[in-house]
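Here are the chains, one letter per residue:
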Amino acid sequence: MVGRTLDDNQSPPTIQAQQPTTGMIMASSGYTYEISLKLVRARDGSVPTDPASLTFEHVSHDDILGIVERMRNGSGLDSSASAAVAVGTKLLGEVMIRDKKNPLFDPLRAGLHEFITSLKQKTAT
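Fair warning: this is a prediction, and the values are worked out from it, not measured in the lab.

### Points about the confidence of the model for the protein
Mean pLDDT over the protein stands at 82; residues scoring 70 or higher make up 77%. Within the protein, no element has a lower average pLDDT than strand β1 (residues 14-16), which sits at 47, and none a higher one than strand β2 (residues 31-38), at 96. Counting interchain partners and residues more than four positions distant, the pLDDT-below-50 stretch residues 1-6 has 9 contacts. Contacts for the low-pLDDT stretch residues 11-27, under 50 throughout, to residues beyond four places or in other chains number 36 contacts.

Written out as structure tokens, the structure reads:
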């Protein structure tokens, strides 16, 4: 659960996100990815005996794995940071495209567009 603090002997929960039934692009119009996130080490350095995890599917019009490789080769970031920026940006951008009328994203639109344009120029092959 987001925002919950665990005691030393508590195990984090496993979360399975449900795929939305509306607003999703059908797999035939993009790449379908399974996104997984797993807690492997807590802030205090301890390793959970039953790590929390989150898994969901996401459809993108882009080849995210190809974008990660271009980021790794041209961004100047280390391998993990390149992957995090590429995946995070693509996930956020795709949701913003699908839900373009949601005012939640209004403060991000211009800045994210500018960032992506600059990123594409720096990592073009």
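### Some words on the nonpolar core
Nonpolar side chains in soluble globular proteins tend to be buried together. Listed in full, the 10 residues of the largest apolar core are Tyr33, Ile35, Ile64, Ile67, Val68, Met71, Ala83, Ala86, Leu91 and Leu119. Elements with a contribution of two residues or more to this core: β2, α1 (64-74) and α2 (79-98). If one sorts the elements of this core by residue count, α1 sits on top with 4 residues. When residues no more than four places from it in sequence are discounted, the contact partners of isoleucine 35 are Leu54, Thr55, Phe56, His58 and Leu91.

### Side note on the environment of serine 60
With respect to the helices and strands, the residue serine 60 is situated in strand β3 (residues 53-60). Along the primary structure serine 60 and glutamate 94 are separated by 34 residues, whereas in three dimensions their C-alpha atoms are 6.4 Å apart. Engagement of the side chain of serine 60 in a polar contact is seen with the backbone nitrogen of aspartate 62, the distance being 3.1 Å.

### Description of α1
The complete set of buried residues in α1 reads Ile64, Gly66, Ile67, Val68 and Met71. A side-chain oxygen of the first residue of α1 lies 3.3 Å from the backbone nitrogen of leucine 65; this N-cap is aspartate 63.

### Digging into the packing of α1 against α2
Orientation of α1 relative to α2, taken along the N-to-C sense of each, is 140°, at an axis distance of 8 Å. With respect to their mutual orientation, α1 and α2 come out oblique. Our pair here, α1 against α2, has a crossing hand that is right-handed. Within the contact between the two elements, α1 uses Ile64, Ile67, Val68, Met71 and Arg72 and α2 uses Ser79, Ser82, Ala83, Val85, Ala86, Val87 and Lys90. Per-class residue counts for the contact of α1 with α2 are 8 nonpolar, 2 polar and 2 charged.

Rules used throughout
Residues numbered from 1 in each chain as written. Predicted model: local features only at pLDDT ≥ 70, side-chain atom pairs only at ≥ 80, totals over all residues. Heavy atoms only, no water. pLDDT = per-residue confidence, 0-100. Helix = DSSP H or I, 4+ residues; strand = E, 2+ residues; numbered from the N terminus. Contact = heavy atoms within 4.5 Å. Core = buried A, V, L, I, M, F, W, Y, C linked by side-chain atoms within 4.5 Å. Buried < 20%, exposed > 50% of the residue type's maximum accessible area, 1.4 Å probe, protein only. Polar contact = N/O pair within 3.5 Å; in protein donor to acceptor, adjacent residues only side chain to side chain. Axes fitted to C-alpha atoms, helices over the stretch in contact; angles between N-to-C directions. Parallel < 35°, antiparallel > 145°, perpendicular 65-115°, else oblique. Left-handed = near helix turned anticlockwise from the far one by under 90°. Nonpolar A, V, L, I, M, F, W, Y, C, P; charged D, E, K, R; others polar.

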